[in-house]
Amino acid sequence: QVQLVESGGGLVQPGGSLRLSCIASGFAFDNNDMAWYREAPGKERELVASISYIPKATHYAVSVKGRFTITRDNAKKTMYLQMNSLKPEDTARYYCNRPSGLLFTWGPGTPVTVSS
């Protein structure tokens, strides 16, 4: 059974930082490209960043370029999203999944709130 469990979210002030984690199981993590998504209330879920199973290949949404860094540790079957210089518009629930093709069932996500 495929499981995707996100963690690390919380409440931070603008300009603050958070590191999100995604622990994967039930599939060949090291043979899959992976990605972070986010969904804000009333808005469509959007792709934030992706990373290939060859870790050198990464892509970022324009809105987060220069602020977020996606990484993965295949040995731990874990993906990370380091978020710096957070803005109120980054407030959303963050999820991990495949960046394309047939997506897995969504996990619970982890909420990020950026507010003073």
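Refer to the structure presented above.
In this convention, every chain numbers its residues from 1, walking through the sequence in written order. In view of the model being predicted, local features appear only for residues whose pLDDT reaches at least 70, and side-chain atom pairs are presented and counted only at 80 or more, with totals across whole chains, interfaces and linings using the full set of residues. With hydrogens and water excluded, all non-hydrogen atoms of the structure serve as input to the side-chain values.

Whenever I open this one, the sheet that holds strand β3 (residues 18-25) confuses me. Can you help?
The strands making up a sheet are joined through hydrogen bonds of the backbone, oriented either antiparallel or parallel. Taken in spatial order, the four strands make up an open sheet running β1-β3-β8-β7, and their pairing is antiparallel. Across the chains shown, the open sheet's two edge strands, defined by having one partner strand only, are β1 (3-7) and β7 (68-73). Pairwise comparison of adjacent strand axes, ignoring direction, gives a mean angle of 15° for this sheet. Strand pairing is assigned whenever DSSP identifies at least 2 bridges connecting the two strands. The way it works is that DSSP assigns letters per residue, a run of H or I at least four long becomes a helix, a run of E at least two long becomes a strand, and they are numbered from the N terminus. With five bridges connecting them, β1 and β3 associate as antiparallel partners. Looking at β3, one finds that Q3 is bridged to S25. All axes here are fitted lines through C-alpha atoms, helices being fitted over the stretch that makes contact, and every angle between N-to-C directions spans 0 to 180 degrees.

Explanation requested: the side chain of S52 in the structure shown.
Mapped onto the elements of the fold, S52 is located in the loop between β5 (46-51) and β6 (58-60). Throughout this description, a polar contact denotes any pair of N or O atoms lying within 3.5 Å of each other; where both atoms belong to protein, one of them has to be capable of donating a hydrogen while the other can accept it, and for residues adjacent in sequence the pair is counted only when both atoms sit in side chains. At 2.2 Å, the side chain of S52 forms a polar contact with the backbone oxygen of I54. Contacts: residue pairs with any heavy atoms within 4.5 Å of one another. With residues near it in sequence (within four places) discarded, S52 still touches D33, A57 and R72.

Whenever I open this one, the sheet that holds strand β9 (residues 92-97) confuses me. Can you help?
Ordered in space as β2-β10-β9-β4-β5-β6, the six strands form an open sheet in which the pairing is mixed. One side of each edge strand has no neighbouring strand; the edge strands of this open sheet are β2 (10-12) and β6. In this sheet, adjacent strand axes meet at a mean angle of 25° when their direction is disregarded. Alignment of β2 against strand β10 (residues 110-114), held across three bridges, turns out to be parallel. The residue bridging V12 from the neighbouring strand is V114, located in β10.

Would you mind going over the packing of aromatic side chains with me for this structure?
The geometry of an aromatic ring pair is captured by two quantities: the separation of the ring centres and the angle between the planes. In summary, the pairing rule links any two rings of Phe, Tyr or Trp, Trp by its six-membered ring, whose centres are within 6.5 Å, and it sorts them by plane angle into stacked for under 30 degrees, edge-to-face for over 60 and tilted for everything else. Counted under the stated rule, the structure contains four aromatic pairs. Note on F27 and F104: the rings are 4.4 Å apart at their centroids and 40° apart in plane angle, and the pair reads as tilted. Taken together, the residues span a long stretch of sequence, with F27 in the loop between β3 and β4 (34-39) and F104 in the loop between β9 and β10 at a distance of 77 residues. F104 shares its class with F27; the two are buried. Relative to W106, the ring of Y95 lies with its centre 5.7 Å away and its plane at 70°, an arrangement referred to as edge-to-face. Here Y95, found in strand β9, pairs with W106, found in the loop between β9 and β10; they are eleven residues apart in sequence, far enough to count as distant. Summary of the burial criterion: residues with accessible area below 20% of their type's maximum are buried, those above 50% are exposed, and those between are partly exposed, where the area comes from a 1.4 Å probe applied to protein chains only. For W106, a relative accessible area of 34% gives the class partly exposed.

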